[in-house]
Amino acid sequence: MAEHESLEYGKADFVLLDNVSMEEFMANLKLRFEKGRIYSYIGEVVVSVNPYRAMNIYGRDTIEQYKGRELYERPPHLFAIADAAYKAMKRRSKDTCIVISGESGAGKTEASKYIMQYIAAITNPNQRAEVERVKNMLLKSNCVLEAFGNAKTNRNDNSSRFGKYMDINFDFKGDPIGGHINNYLLEKSRVIFQQEGERSFHSFYQLLRGAPDSLLRSLHIQKDPKGYNYIKVGGQIKSCINDSADFKAVADAMKVIGFTGDEIQTVYKIVATILHLGNLTFGVDGDVTLIENSKLVSVIKDLLSTKEENVQKALLYRTVATGRDIIEKQHTEQEASYGRDALAKAMYERLFCWIVGRINDIIEVKNYNANVHGKNTVIGVLDIYGFEIFQNNSFEQFCINYCNEKLQQLFIQLVLKQEQEEYQREGIPWKHIDYFNNQIIVDLVEQQHKGIFSVLDEACMNVGKVTDEVFLQGLNGKLAKHAHYTSRKCPLCINHPSFTCRYSVVGFIDKNKDTLFQDFKRLLYNSSNPVLKGMWPEGKLSITEVTKRPLTAATLFKNSMISLVENLACKEPYYVRCIKPNDVKSPLLFEQERCRHQVEYLGLLENVRVRRAGFAYRQTYPRFLQRYKMISEFTWPNHDLASDKAAVKSLLQVCGFDHDVAYGKTKVFIRTPRTLFCLEEQRAEMVQRIVLFLQKVWRGTIARMRYRRMRAALIILRAYRRYKVKSYIREVNRRFKNVKSMKDYGRHVKWPTPPKVLRNLHNVFLALLFRCIITSIALWSDMSAVFIEAKVASLEALKGQRADLGLQRAWEGNYLKRDRPDTAASFTLVSSELQRKDKFMRVLFSCNVRKINRFHKAEDRAVLITDRHLYKMDPLKQYKPMKSIPLYNVTGVSVSPGKDQLVVFHTKDSRDLVVCLQGMVPANESRIGELVGTLLSHFKRKLQVNIASPIQCSMNGRKCTVIVEPKINQSQPDFTKSRSGYILAVPGN
């Protein structure tokens with residue numbers, strides 16, 4: 001089972017379906033597509049559904065997740081199949097291949113790119129320059145081949161119009177050292193004709209829209225594709241393809257691969273020549289055929305580096321040798337047009353084959369000696385067209401569908417063969433499987449003397465005028481009784497296993513002959529351009545030389561398919577089956593019938609049946625045990641049985657699944673998916689408990705480690721501080737030990753530098769001591785540790801910003817008892833009750849105040865500040881508590897720089913308390929310094945203290961300002977309302 005794939009995404013492997021039916025298969029495929037899971041498995045086959053949107057599942061992080069992992073360790077992905085092929089190649093020195101199939105628009109080309117990207121990413125860990133160069137060229141070759149071999153069709157904006165098989169060669173370390181590309185059946189008819197809504201090959205539009213003006217002028221062409229007959233249908237289509245950017249990318253790729261400047265220039269010239277050929281028109285003057293726009297002949301001769309008269313002669317005449325006599329036969333208008341089109345198609349096909357050959361020359365393995373360098377292994381990647389069924393199916397579709405039948409036959413054979421071999425290897429009885437053997441379809445096409453290709457070749461070899469109707473009659477004569485062949489007049493019908501396709505035989509003869517007059521070959525061979533000359537070596541033959549009849553297109557294609565299948569059969573195959581979800585390129589639409597048809601002709605359901613013939617799931621004993629051992633107490637955490645096989649048997653017996661499994665030599669086989677899902681459910685339950693246990697243990701370990709580190713650091717810190725303080729005290733004692741005997745009583749003695757921990761206290765203490773000395777005040781009467789710290793804190797916060805801090809007097813803190821002795825008993829009673837109720841330890845400060853209430857009125861109150869709360873009390877009601885503010889809710893205090901006793905307590909809920917201390921005895925006593933110092937001491941210096949005028953505050957969430965104004969006739973401080981807030985009027989004298 002693939003990890004991290006819950007059943008809400010459907011079954012990651014179709015083999016695990018409860019019932020193998022088309023309905024269940026389609027329902028699971030649709031569910032996974034809708035949930036964004038575009039990849040699934042059928043055993044070791046990847047089923048890929050084109051998402052028609054960019055997906056973030058191909059980056060470096062994803063590559064690392066699949067690197068070196070087994071196929072079922074991660075969710076289904078192209079990278080998993082690529083890694084499996086790479087591991088088989090590297091570990092077992094076995095040649096492998098990845099066969100990618102599906103119809104146009106199903107995502108085959110993108111799949112091959114991602115597979116190449118993955119292989120490039122996981123190889124060459126030592127970053128050898130030569131290997132990096134080979135990897136870069138292999139990746140860049142895709143860009144060039146797509147430009148010259150792909151086109152926009154109604155089904156796909158980047159449809160491959162050729163088949164491609166690439167062999168990547170690896171050295172004994174598993175690094176790529178070269179490669180080889182084979183191409184199959186380029187759709188060259190697209191050069192001269194395209195269906196409505198389609199384009200010709202990308203290369204034409206890239207040249208016109210991306211080439212610089214200087215290059216276009218040298219090629220005598222203009223930017224508008226609608227000016228060229230061969231491509232004007234596609235030139236009118238609005239497309240999202242960026243031809244200009246693609247031109248630059250292809251040009252850069254060709255340079256990276258190693259094309260020379262002359263070679264690249266020749267490529268552009270050939271493409272331009274084909275465009276000009278399409279604009280050539282022929283007319284008739286009596287019995288003479290003429291070129292109507294003869295100026296183009298001059299352009300073509302410049303591009304082909306040949307003579308103008310030779311070009312004109314090749315277009316209008318055909319040279320025929322009869323014995324020793326040579327006859328020049330003039331073309332009819334129709335023959336001239338046919339020859340022009342044949343030349344355009346042949347030039348483009350020859351150009352494409354030359355590009356493939358040139359890439360092969362550059363990337364092929366050179367100077368490799370197996371005895372010296374070790375065995376050279378191969379991974380092949382086959383990206384080839386899928387079944388094509390259009391309204392009008394012709395020779396190309398017939399060849400393509402034959403190719404797919406051939407590959408489908410190989411697929412079924414190899415899958416069956418692999419299954420049978422595995423059962424025999426493991427000692428499990430093999431059960432015969434019924435399936436459709438499409439060898440009968442393959443024989444219908446390729447069988448010697450009786451197959452359709454043979455009948456077609458015979459028709460082409462007949463003397464005299466042979467028509468498509470004659471060919472059809474020959475088919476009817478030999479194949480009329482064949483179960484998979486029917487014909488009605490022109491259509492030729494082949495009954496494929498999952499569909500019937502009708503082919504129009506019109507053009508079969510001409511396309512099979514693929515005639516190109518020898519005059520054109522001699523014309524191009526005699527070019528002064530060495531690159532162009534090298535593309536046409538057969539042009540060197542003289543007119544009278546007798547040559548063998550060239551092989552027909554059908555025979556060439558059949559031979560190449562037979563060779564391809566033989567090549568694939570000797571490798572270990574891996575498969576990617578691509579499915580197109582809809583025809584409108586929507587990322588949301590899943591067309592049931594459209595996908596069902598593809599599932600049928602790709603034989604995916606048969607694949608599931610083959611895989612499910614006996615057992616739905618199989619796994620090696622060590623890996624099975626590694627995944628499920630936590631289910632049984634006999635196997636967790638490690639078993640002590642004789643072997644892993646015995647441990648697996650014990651585990652399955654405990655779970656009650658022994659009746660549904662078979663035990664091979666190295667693998668356990670599970671018959672039904674239900675057993676596997678039950679195992680997964682038990683595993684998921686146990687994994688959760690194991691994870692919680694591991695988290696608990698690990699968190700405890702981390703906490704203990706953190707505690708030990710913190711404790712060790714604290715011990716070291718405390719010891720170091722004690723050492724520094726003791727050293728400082730010893731040094732002070734040493735320096736001032738004999739000051740009484742000194743004349744100046746030690747005034748000249750320099751104080752030692754205090755340690756950092758004492759520096760602030762040292763400076764403040766000296767300043768305080770100096771002030772006390774010069775003012776001759778007895779400071780020591782109240783110098784308990786608490787008040788010393790408070791005075792030091794007050795001096796630090798307010799020094800130089802307020803005139804009178806009250807440092808010269810003794811600080812009492814709780815002043816309500818002293819200021820009003822007559823009510824002291826009531827206050828003491830209320831204070832004791834509050835202490836019992838709120839459990840505070842100490843009174844920090846108390847005093848009578850004038851405050852502003854919530855109705856913006858001034859009133860007399862008292863404040864009591866303890867180590868837990870700030871209480872507001874009513875002195876007229878025996879100090880009844882009115883409201884309390886938790887001290888942790890106080891965020892700061894603000895005071896003015898004057899002599900007034902204004903203080904604002906700022907709170908977290910923006911309901912600040914604005915008060916003015918009053919009722920002091922004596923009347924002129926300043927207590928602001930004491931209040932600030934006491935609060936700072938309690939808050940360990942972490943309270944914000946602001947000295948400002950005016951003071952900004954917040955009353956019930958509203959911002960306001962408190963201004964202090966002295967008034968001559970004011971006897972007591974009092975608050976009044978103002979436009980911006982409040983005014984505290986204080987006596988002016």
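The model shown is predicted, which means the values in this text are computed figures rather than measured ones. Starting from 1, residues in each chain are numbered consecutively following that chain's sequence as written. Since the coordinates come from a predicted model, pLDDT governs what is reported: local features require at least 70, and pairs of side-chain atoms require 80 or more to be given and counted, while whole-chain, interface and lining totals use all residues. Side-chain calculation: all heavy atoms of the structure are included, whereas hydrogens and water are not.

**Remarks on the side chain of K571**
Our working rule: A run of DSSP states H or I qualifies as a helix once it reaches four residues; a run of E qualifies as a strand once it reaches two. Both are numbered from the N-terminal end. Only protein chains enter the accessibility calculation, which uses a 1.4 Å probe; a residue is then buried when its area is under 20% of its type maximum, exposed when over 50%, and partly exposed in between. In this tally Asp and Glu are treated as negative and Lys and Arg as positive; neither His nor the chain ends contributes. For this document, the term salt bridge refers to a Lys or Arg side-chain nitrogen within 4 Å of an Asp or Glu carboxyl oxygen. Note on contacts: a residue pair qualifies if any of its non-hydrogen atoms lie within 4.5 Å across the two residues.
Inspection of the secondary structure assignment puts K571 in the loop between α22 (553-569) and β16 (572-579). Among buried charged residues, K571 stands out as having no salt bridge; its nearest opposite-charge side chain is D167, 4.3 Å away. Not counting residues up to four positions away in its chain, the partners in contact with K571 are D95, T96, C97, Y165, D167 and V378.

**Quick notes on the UniProt feature "binding site: ATP" (unreviewed entry) in the protein chain**
Spelled out, the test is: UniProt positions are given in the numbering used here, feature names are shortened, and annotations may be inferred rather than shown by experiment.
Taken from the UniProt record, the annotation "binding site: ATP" (unreviewed entry) applies to G102, E103, S104, G105, A106, G107, K108 and T109. Residue position: K108 is located in helix α4 (residues 108-122). Judged by its relative accessible area of 8%, K108 falls in the buried class. In this structure, K108 is in contact with I100, S101, G102, E103, D383, I384, Y385, G386 and C578, ignoring residues within four places of it in sequence. Tracing the sequence through the fold places T109 in helix α4.

**Looking at the sheet that holds strand β31 (residues 981-987)**
Applicable threshold: For two strands to pair, DSSP has to find at least two bridges joining them. In this analysis an axis means a line fitted to C-alpha atoms, helices contributing only their contacting stretch, and an angle means the value between N-to-C directions, from 0 to 180 degrees.
Spatially, β28-β29-β31-β30 is the arrangement adopted by the four strands of the open sheet, whose pairing is mixed. In this open sheet, the two edge strands, each paired with only one partner strand, are β28 (951-955) and β30 (974-977). When the angles between neighbouring strand axes are averaged without regard to direction, this sheet yields 35°.

**Some remarks on a nonpolar patch on the surface**
Heads up, the rule is: Residues enter a patch when their relative accessible area is above 30% and they make no salt bridge; the linking distance is 9 Å between like charges and 5 Å between nonpolar side chains (Val, Leu, Ile, Met, Phe, Trp, Tyr). In this description, accessible areas are obtained by the Shrake-Rupley approach with a 1.4 Å probe, and a residue is regarded as covered only by the protein chains that are shown.
Taken together, the side chains of F693, L694 and V697 make up a nonpolar region of the molecular surface, amounting to roughly 280 Å² of accessible area. By secondary structure assignment, the location of F693 is in helix α27 (residues 673-735). The class of F693 is partly exposed, set by a relative accessible area of 47%.

**Brief notes about helix α1 (residues 22-34)**
Where we set the bar: The span expected for a helix works out to 1.5 Å for each residue beyond the first. An arc is given here, and it is the one of the directions from the helix axis to the C-beta atoms.
Compared with the 18 Å implied by 1.5 Å per residue over 13 residues, the 18 Å span of α1 between its first and last C-alpha is a close match. Inspection of α1 places M22, F25, M26, N28, L29, R32 and F33 among the buried residues, and these make up the whole buried set. End-on view of α1: buried residues confined to an arc of 165°, all on one side of the axis. Turned more than 90 degrees away from the buried face of α1, the exposed residues are E23 and E34. Looking at the packing, one finds that the buried side of α1 touches β1 (39-42), β2 (45-49), β16, α23 (592-601) and α24 (604-611). The positive-phi residue at the C-terminal boundary of α1 is G36, with phi of around 80°.

**Section: the nonpolar core**
Our working definition: We define the nonpolar core as a collection of buried residues of types Ala, Val, Leu, Ile, Met, Phe, Trp, Tyr and Cys that are connected through side-chain atoms lying within 4.5 Å of one another.
Grouped together as the largest cluster of nonpolar side chains are 115 residues, with contacts concentrated most on F148 and F204. For this core, the element with the most residues is helix α13 (residues 333-363), which contributes 15 residues. Residue contacts for F148: discarding those within four places in its chain leaves F201, S203, V250, V267, V271, Y348, L351, F352 and I355. Judged by nonpolar contacts, the second largest core, of 73 residues, contains C460, L472, L564 and V610.

**Examining the domain arrangement of the protein chain**
We apply this condition: Per the annotation, domain bounds derive from an automatic or database assignment of domains.
Parsing the protein chain into structural domains produces domain 1 (619-696), domain 2 (710-773) and domain 3 (784-987). The gap between the C-alpha centroids of domain 2 and domain 3 is 35 Å.

**Some points on the side chain of K87**
If you trace the backbone, K87 turns up in helix α3 (residues 78-92). If we skip the residues at most four places from it in the chain, K87 touches G68, R69, E70 and R92.

**Thoughts on unusual backbone geometry**
Omega for the peptide link from V921 to P922 comes to -5°, which places this bond in the cis form. With respect to the helices and strands, P922 occurs in the loop between β26 (913-918) and α32 (928-938). For the peptide bond that leads from S949 to P950, omega is 0°, which places it in the cis range. Examined against the element boundaries, P950 turns out to sit in the loop between β27 (944-947) and β28. Not every positive phi belongs to a glycine, and Q878 is a case in point at roughly 55°. Relative to the helices and strands, Q878 is located in the loop between β22 (869-874) and β23 (880-886). A relative accessible area of 58% means that Q878 is categorised as exposed.

**With respect to the pairing of β28**
Across the five residues of β28, four count as buried, placing the element largely inside the fold. Sheet analysis places β28 next to strand β29 (residues 958-967), joined by five bridges and oriented antiparallel. Pairing of S954 across the sheet is with K959, part of β29.

**Observations concerning the sheet that holds strand β18 (residues 661-663)**
Neighbouring strands of a sheet are bound in pairs by backbone hydrogen bonds; such pairs are parallel or else antiparallel. Pairing is antiparallel in the open sheet, where three strands are placed in the order β17-β19-β18. Either end of the sheet is taken by a strand with one partner, and the two such strands are β17 (617-620) and β18. For this sheet, the mean inter-axis angle between neighbouring strands, taken without regard to orientation, is 20°. The pairing of β18 with strand β19 (residues 667-670) spans three bridges and is classified as antiparallel. Considered in β19, the bridge of V661 is made with I670. Against the sheet, helix α25 (residues 621-628) touches β17, β18 and β19, its axis set at about 100° to β17.

**Description of the packing of aromatic side chains**
Basically, it comes down to this: We call Phe, Tyr and Trp rings a pair once their centres come within 6.5 Å, taking the six-membered ring for Trp, and we label the pair stacked below 30 degrees between planes, edge-to-face above 60, and tilted otherwise. We call a charge positioned over a ring when the NZ of a Lys or the CZ of an Arg lies within 6 Å of the ring centre and within 35 degrees of the ring normal.
By the definition in use, this model includes 25 aromatic pairs. Cluster of aromatic residues (ring-pair linked, three or more members): F395, F398, Y402, F453, F471, Y503, F508 and F557. Between R199 and the ring centre of Y205, over which it is positioned, the NZ or CZ distance is 4.1 Å.

**Examining empty space enclosed by the protein**
Empty pockets left among the atoms are what a rolling probe the size of a water molecule brings to light. Here is the rule we go by: Site definitions follow a grid-based scheme: protein atoms alone, a 1 Å grid, a 1.4 Å probe that fits but cannot get out for cavities, and for pockets an open set with protein on both sides within 12 Å along at least five of seven lines, plus lining residues having an atom within 4 Å of a point. Grid points are joined across faces, edges and corners, and a volume is the space filled by probe spheres set on the points. We call Asp, Glu, Lys and Arg charged. Ala, Val, Leu, Ile, Met, Phe, Trp, Tyr, Cys and Pro are nonpolar, and the rest, Gly among them, are polar.
Applying the stated criterion across every chain, the model contains seven cavities of 30 Å³ or more. If you go around the second largest cavity, the residues you meet are A147, F148, S203, Q206, L207, F247, V250, A251, M254, Y268 and V271. For the lining of the second largest cavity, the secondary structure elements donating two or more residues are α5 (129-149), α6 (202-210), α9 (243-257) and α10 (261-279). Examining the composition of the lining of the second largest cavity, we find that four residues originate from one element, α9, more than from any other. Taken together, the residues of the lining of the second largest cavity sort by class into nine nonpolar, two polar and no charged.

**Topic: the layout of surface pockets**
Of the volumes computed, that of the second largest pocket is approximately 1,100 Å³. Along the walls of the second largest pocket sit 34 residues, with E44, R92, E572, Y574 and K667 positioned nearest its centre. Elements with a contribution of two residues or more to the lining of the second largest pocket: α3, α15 (395-426), β16, α24 and β17. Per-element tally for the lining of the second largest pocket: the top contributor is α15, with eight residues.

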